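Geometric and topological summary
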Amino acid sequence: MRLSTYFVPTLKENPADATMASHRLMVRAGMIRPLAAGIYSWLPIGWRVMKKVMEIIREEMDAIGAQEFQLPALNPVEIWEQTGRVESFGDTLFHLKNRPFVLAPTHEEIFTTIAKDHIKSYRDLPQIWYQIQTKFRNEPRPRSGVIRGRQFFMKDSYTFDRDFTELDKSYGAHREAYKKIYSRSGIKFFIVGAYSGAMGGTGSQEFMVESPDGEDTCAVCDNCDYAANLEVATSAAKPVGRTDGSKKPEELHTPNIKTIDQLAQFLHISTERLAKSLVYKDDTTPVLVLMSGNDQLNEAKLTTALGKTAFAMSPEELSKYTGANAGSIGPIGLKDFRIIADKRLENANELISGANKDDYHITHIDFSRDVKIDGYYDLRSIEAGEPCPSCGKDLRVVNAIEIGHIFKLGTKYSVSLNANYLDENGTEKPIVMGSYGIGVERIIACHIEQNHDDNGIIWDNSISPFMVHVTSVNMDSNEVVATADKLYEEFNAAGIPALYDDRHGVSPGFKFKDADLLGMPVQVIIGERNLKQGNVELKFRKSGERKVVGIGAAVEEVKRFLKS
RNA sequence: CGGGGCGUGGCUCAGCCCGGUUAGAGCGCUUGGUUUGGGACCAAGAGGUCGUAGGUUCGAAUCCUACCGCCCCGACCA
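Residues numbered from 1 in each chain as written. Chains lettered and ligands numbered in written order. Predicted model: local features only at pLDDT ≥ 70, side-chain atom pairs only at ≥ 80, totals over all residues. Heavy atoms only, no water.

**Examining the sheet that holds strand S18 (residues 351-354)**
Think of a sheet as strands paired side by side through backbone hydrogen bonds, with each pair either parallel or antiparallel. What the 3 strands build is an open sheet, ordered S13-S19-S18; its pairing is antiparallel. Strands with a single pairing partner mark the edges of an open sheet, and in this sheet they are strand S13 (250-253) and S18. Strand-to-strand, the axes of this sheet are offset by a mean angle of 30 degrees, without reference to chain direction. Taken together, the 4 bridges between S13 and strand S19 (residues 360-365) define a ladder with antiparallel strand orientation. Paired with Glu250 across the two strands is Thr363, which belongs to S19. (Pairing = 2+ DSSP bridges. Helix = DSSP H or I, 4+ residues; strand = E, 2+ residues; numbered from the N terminus. Axes fitted to C-alpha atoms, helices over the stretch in contact; angles between N-to-C directions.)

**Structural notes on the packing of helix H1 (residues 21-28) against helix H11 (residues 440-450)**
At a closest axis distance of 8 Å, the pairing of H1 and H11 adopts a crossing angle of 105 degrees. Taken together, the axis directions place H1 and H11 in an arrangement best described as roughly perpendicular. The residues of H11 that touch H1, namely those facing Ala21, Ser22, Leu25 and Met26, are Ile444, Ala445, Ile448 and Glu449. For the contact of H1 with H11, the class distribution of residues is 6 nonpolar, 1 polar and 1 charged. (Parallel < 35°, antiparallel > 145°, perpendicular 65-115°, else oblique. Contact = heavy atoms within 4.5 Å. Nonpolar A, V, L, I, M, F, W, Y, C, P; charged D, E, K, R; others polar.)

**Re the pattern of salt bridges**
All told, the structure shown has 39 salt bridges when counted by the stated rule. We note a salt bridge from Glu490 to Lys486, for which the minimum N-O separation is 3.5 Å. Residue Glu490 and its partner Lys486 are located together in helix H12 (residues 478-493), separated by 4 residues, close to a single helical turn. Taking relative accessible area as the criterion, Glu490 reaches 29% and is therefore assigned partly exposed. On the basis of relative accessible area, Lys486 is assigned to the partly exposed category, the value being 42%. (Salt bridge = Lys/Arg side-chain N within 4 Å of Asp/Glu carboxyl O. Buried < 20%, exposed > 50% of the residue type's maximum accessible area, 1.4 Å probe, protein only.)

**Observations concerning the domain arrangement of chain A**
Assigned domains within chain A: domain 1 (21-234 + 397-448), domain 2 (250-377) and domain 3 (466-563). At the interface, 6 residues of domain 1 touch 7 residues of domain 3. Counting each side, the surface lost to burial between domain 1 and domain 3 is near 510 Å², with a carbon and sulfur contribution of 73%. Ranking the residues of domain 1 by area buried against domain 3 places Ala29, Ile45 and Arg48 at the top, with a combined share of 66%. In this assembly, domain 1 and domain 3 are joined by 0 salt bridges. (Domains from an automatic or database assignment. Buried area = accessible area lost by both parts, 1.4 Å probe.)

Structure follows, in structure tokens:
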């Protein structure tokens, strides 16, 4: 493409509202333009990158036998009501005003409906179906450029199997395909065990890119391959356990003590044996959650433990239900509560907790003697520096951007939409499903996050919009123009996509800055200085290395570089 | 949805606190000329309902109210 006519509106200055490097650079390089919050237009050079990423995805999906579909984004709301997801998506689901339709935020319902209509026999299984399609989600707060948008491209695939063993195979195939997709896209990533959330299902993993701007938090071990989203991460933190002492519970006056730290200071002991009480309520039952000391409750883990979402009680509810205010609540003498505790507190004794009477605590509590605990669950958020559950080395806690998520859905959607098949014995069974997503924009944004410098983007060959950037330094020199034209044609003829800066009246410095900003892997610079000796200059974007070569050798040199 | 910030030519911003001719700068754009290896220079131009609506005032970009939009933090995030 000739830059003189190609629409690439580059910007010298940073857009005021972009904070992340990828966002800034995508706007500056003329890849995208904002239309509204979380909604972007893709300009020609950005769309070229998008298409290359999509092509990598297609190749790897096709390689595991997946078949590409294209489903409607407009869906009758009725289908979404059948799976209960109008409610579970809530305000995130876009509803049309003048028809009972929604804009699809994902496609489990529609793919399952097709499966229900046409998959009737075990002979029809397995199937792997996918699409690359625009998704719509009314995000309460779009952010970080294209990373969290209200409209975005997702590769979503769905597997249909006869049982869970077969599902494991389909799931495994996706996991491997995803690794290839991200590796080929030039992204450093890691895989974490994840929380299935409202998707339901029996297991899931996320593909993550470490980034201080990430919205997720993960625990990772640099020694072994343990990595997990904090929503499910565990550590080998020691249980509180039992200690000497067989005293009976005793009330203790603790005036104006509200926090665990104050209590520890007041009693001159460590925080570990202080059983912190947190009070939640789900739709029916009040729940008392006991944690050791200052361990932080992870609400995602709480949801998993309870099987439903619970909300923290307001201060007014607290005193109504417990008779005390926050800071003085405990498990002893509490009526009508479901009481659960973190695993670290399992069977612990010599604990101190609130007395459900303001300014009083109870000492010498033995959980196996004095309290009826309805269950011990892993409820705490792990912290950096705790020992890895698999190898014991220190865990790191990092922020990360989710670029893919794979789910073993099981039969949640097939049951609610009656997608059944007949097995060899003529028994009707629900199809066992998996669903797998990739955020296409996020691949691009994360690639730029990981591959840029102060001057601009540094594309990997695999997704670079062009392979070579030909710069004609001086358009007023006939020799320079003739040589640049000729090289540009030669690159085209050799099947090497080239961007040719043939703009008139643009100073050399301006062209060089644009070339670095746009970030093609190789630049071929044609100027009078080198041309006198019959040479042109190659500049390799990533290394910054420059090399002067004869005009006739330029194409071969570039070819060799691109192959290496 | 809670907290904070912002809205002034295409872009980045000043002016607003303390109201007062014709609303500014840099970049970009147009024309002419000079330049040509790291975001050139000179000259002459074009381009703005100061987010919208109401209010206060003799007078509003500036003060007040409401609304809209955008960004950041939090909540939320299959």
